Amino acid sequence: MFVLRCFGYLTVNYWEEIIMSNLLQPKPEDQFTFGLWTVGNPGRDPFGDQVRPIIKPTYSVQKLSQLGAYGVNLHDNDLVPFGSSAREQDQIVKEFKQALDDCNMKVPMATTNLFFHPVFRDGAFTSNNPKVRAFALQKTVRSIDLGVELGAKIYVFWGGREGAEVDASKNGPDTVKWFRESINFLAEYVVDQGYDLKFALEAKPNEPRADIYMPTTGHMLHFIETLDRPEMVGVNPEFAHETMAGLNFLHGVIQAYESGKLFHIDLNDQKMGRFDQDLRFGSESIKAAFFLVKFLEDMQWPGMRHFDAHAYRTEDEQGVWDFAAGCMRTYLILKDKARQFNEDPEIQGLLSENQQRDESLERIVATYSNGNVEALQAIDFQPDKIAEKGHSYEKLDQLTVELLLGVR
Ligand code: GCO
Ligand code: MN
Ligand code: MN
């Protein structure tokens, strides 16, 4: 009997382990992607030089595919160095496509580097210099062609240099107008070429500029509605950027999703109110990361789970792959925790107590009509009575914490 029980116990554990290790093994269908610039980050910062050798894009493709990623994303100059000739570009792109094919990796998103070259020191689409604005447009047109050639369906706009240190320097509304004209121009170009490509605008409050224009996802969401083709344009919210601004990332993501504008997402982590740290996903704010993953999974959001982060500067090359594997593994752990949360009877009990429906009342307040306002006026709500009962959120949150800490 003892032997059998032991055996049974071992068997259950054994199967659980197999199931878990399979569950936590990233697979292409999980749609994990990394920017070439993320794993390729050599650890340079404003105070110190690079600490790791530059990784070749084709090598990143190989390594990331071995780790179970779906694809890589890139800026034009992550692949083709600034100033390359057309022949050089063709050769580089050919080799890169070969690596993608060999590894069955995709390029779902592309973007333009409009921040590195000194010509962009005062911005790209919002530079005071019309030549720079026009050059930025030309560079982006070419980079869109490259992205589409590689199969990208999403084109990200992150305006790293679109900002100011000196507010005396620019006529404010001009910057908004210039940015709008550029996006309108490029959207028309995409339509004219017959490309299957959508735009995703990425906000950031500051860094590298003292202030960046349209600093949050909320600003971007409004700006989109002023464009000629708003249906082609959505947002690419980034965990670190909204957190730098002291905001709740999830809430911005939810609003973007609810308005049909969550086209892409940049996953990473960040301590609030600091410089852009681009930490490994889930390394800092586990609860926030959990609710984010839970939201994306509950909604079955179809987009890429894109990591825009990089390894600590302390790391060598092995640390870079540990970092990449860690981002994906943490996502999958949190995805499994979300399943547990949704199946937990005590948690779900508390939720259904708190999320009661009242269909007739909800019908009255959903739309205005004479009848509805009359019905509303006729109700005696007895607010003091309603207010007597608490919400048990202490308990709900404690249960969530215990689930995340692995004791449920
Ligand atoms: C940053 C940004 C970038 C962009 C990337 C894509 O703060 O550096 O997040 O990583 O996401 O340039 O446009
Ligand atoms: Mn980003
Ligand atoms: Mn960032």
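Just above sits the structure.
All of the points below concern the structure found in this document. (Residues numbered from 1 in each chain as written. Chains lettered and ligands numbered in written order. Predicted model: local features only at pLDDT ≥ 70, side-chain atom pairs only at ≥ 80, totals over all residues. Heavy atoms only, no water.)

So, the overall build of the protein
- Across its full length, the protein carries 17 helices and 10 strands.
- Put simply, 77% of the contacts in the protein that link residues at least 6 apart link residues at least 24 apart.
- Accessible area of the protein: about 21800 Å², with a carbon and sulfur share of 54%.
- If the 42 positive side-chain charges of the protein are averaged to one point and the 60 negative ones to another, these points end up 4 Å apart. (Helix = DSSP H or I, 4+ residues; strand = E, 2+ residues; numbered from the N terminus. Contact = heavy atoms within 4.5 Å. Areas by Shrake-Rupley, 256 points an atom, 1.4 Å probe, with all protein chains shown as cover. Lys, Arg positive; Asp, Glu negative; His and termini not counted. Charge placed at Lys NZ, Arg CZ, Asp CG, Glu CD.)

Some points on the sheet that holds strand 3 (residues 109–111)
- Taken in spatial order, the 8 strands of this open sheet run 8-6-4-3-2-1-10-9, and their pairing is parallel. Both outer strands of the open sheet, strand 8 (233–235) and strand 9 (266–267), are each paired with one neighbouring strand and no more.
- Pairing of strand 9 with strand 10 (residues 305–307) involves 2 bridges; the strand directions are parallel. For Leu267, the partnering residue across the bridge sits in strand 10 and is Phe307.
- Its contacts with the sheet place helix 12 (residues 317–343) against strand 1 (32–35), strand 9 and strand 10, and it is angled at close to 145° to strand 1. (Pairing = 2+ DSSP bridges. Axes fitted to C-alpha atoms, helices over the stretch in contact; angles between N-to-C directions.)

Observations regarding the coordination of the manganese ion (ligand 2)
- Taken together, Glu202 (OE), Glu238 (OE), Asp266 (OD) and Asp308 (OD) make up the full set of protein donors to the manganese ion (ligand 2), lying 2.0 to 2.1 Å away.
- One can describe the donor arrangement at the manganese ion (ligand 2) as octahedral, given that its 6 donor atoms subtend angles of 82 to 175° at the metal.
- Read in sequence order, the donor residues coordinating the manganese ion (ligand 2) give the pattern E-x35-E-x27-D-x41-D.
- Between the manganese ion (ligand 2) and the manganese ion (ligand 3) the interatomic distance comes to 3.8 Å, and Glu238 is a ligand of both metals. Remark: Asp308 occurs in the loop between strand 10 and helix 12 and Glu238 occurs in the loop between strand 8 and helix 9 (239–244); sequence separation between them is 70 residues.
- Judged by relative accessible area, which is 8%, Asp308 ranks as buried. (Donors = N, O, S within 2.8 Å, 3.2 Å for Na, K, Ca; no water. Tetrahedral: all angles 85-135°; square planar, octahedral: opposite > 155°, others 65-115°. Buried < 20%, exposed > 50% of the residue type's maximum accessible area, 1.4 Å probe, protein only.)

Remarks on the packing of aromatic side chains
- Applying the stated criterion to the full structure yields 23 aromatic pairs.
- Considering the side-chain rings of Tyr257 and Phe295, the 5.3 Å spacing of their centres and the 85° angle between planes classify their relative orientation as edge-to-face. Placement of the pair is Tyr257 in helix 10 (residues 249–258) and Phe295 in helix 11 (residues 286–298), with a sequence separation of 38 residues.
- An aromatic cluster is defined as three or more aromatic residues linked by ring pairs; in this entry it consists of Phe32, Phe34, Phe281, Phe307, Phe323 and Tyr331.
- If you follow Arg133 out to its NZ or CZ, it ends over the ring of Trp178, 3.7 Å from the centre. (Phe/Tyr/Trp six-rings, centres within 6.5 Å; stacked < 30°, edge-to-face > 60°. Lys NZ or Arg CZ within 6 Å of the ring centre and 35° of its normal.)

A closer look at the site of ligand 1
- Trp37, His75, Thr111, Val156, Trp158, Glu202, Lys204, Glu238, His241, Asp266, Asp276 and Asp308 make up every residue found near ligand 1.
- Take His75: an N or O atom from its side chain is 2.6 Å from an oxygen atom of ligand 1.
- Separating an oxygen atom of ligand 1 from a side-chain N or O atom of Glu238 is a distance of 2.7 Å.
- Of the residues contributing to the shell around ligand 1, the split by class is 3 nonpolar, 3 polar and 6 charged. (Near = heavy atom within 4 Å. Polar contact = N/O pair within 3.5 Å; in protein donor to acceptor, adjacent residues only side chain to side chain. Nonpolar A, V, L, I, M, F, W, Y, C, P; charged D, E, K, R; others polar.)

A closer look at the nonpolar core
- Judged by nonpolar contacts, the single largest core of 91 residues is most densely connected at Phe34, Phe96, Phe199, Phe281 and Leu292.
- If one sorts the elements of this core by residue count, helix 12 sits on top with 11 residues.
- If near-sequence neighbours (up to four positions away) are discounted, Leu292 is found in contact with Phe239, Phe249, Leu250, Val253, Ile265, Leu267 and Phe281.
- Formed by 5 residues, the second largest nonpolar core is a distinct cluster that contains Met109, Ile154, Ala200 and Phe263. (Core = buried A, V, L, I, M, F, W, Y, C linked by side-chain atoms within 4.5 Å.)

So, the coordination of the manganese ion (ligand 3)
- Around the manganese ion (ligand 3), the donor atoms from the protein are Glu238 (OE), His241 (NE2) and Asp276 (OD), and they sit 2.1 to 2.7 Å away.
- Of the residues examined, His241 reaches a relative accessible area of 2% and is grouped as buried.

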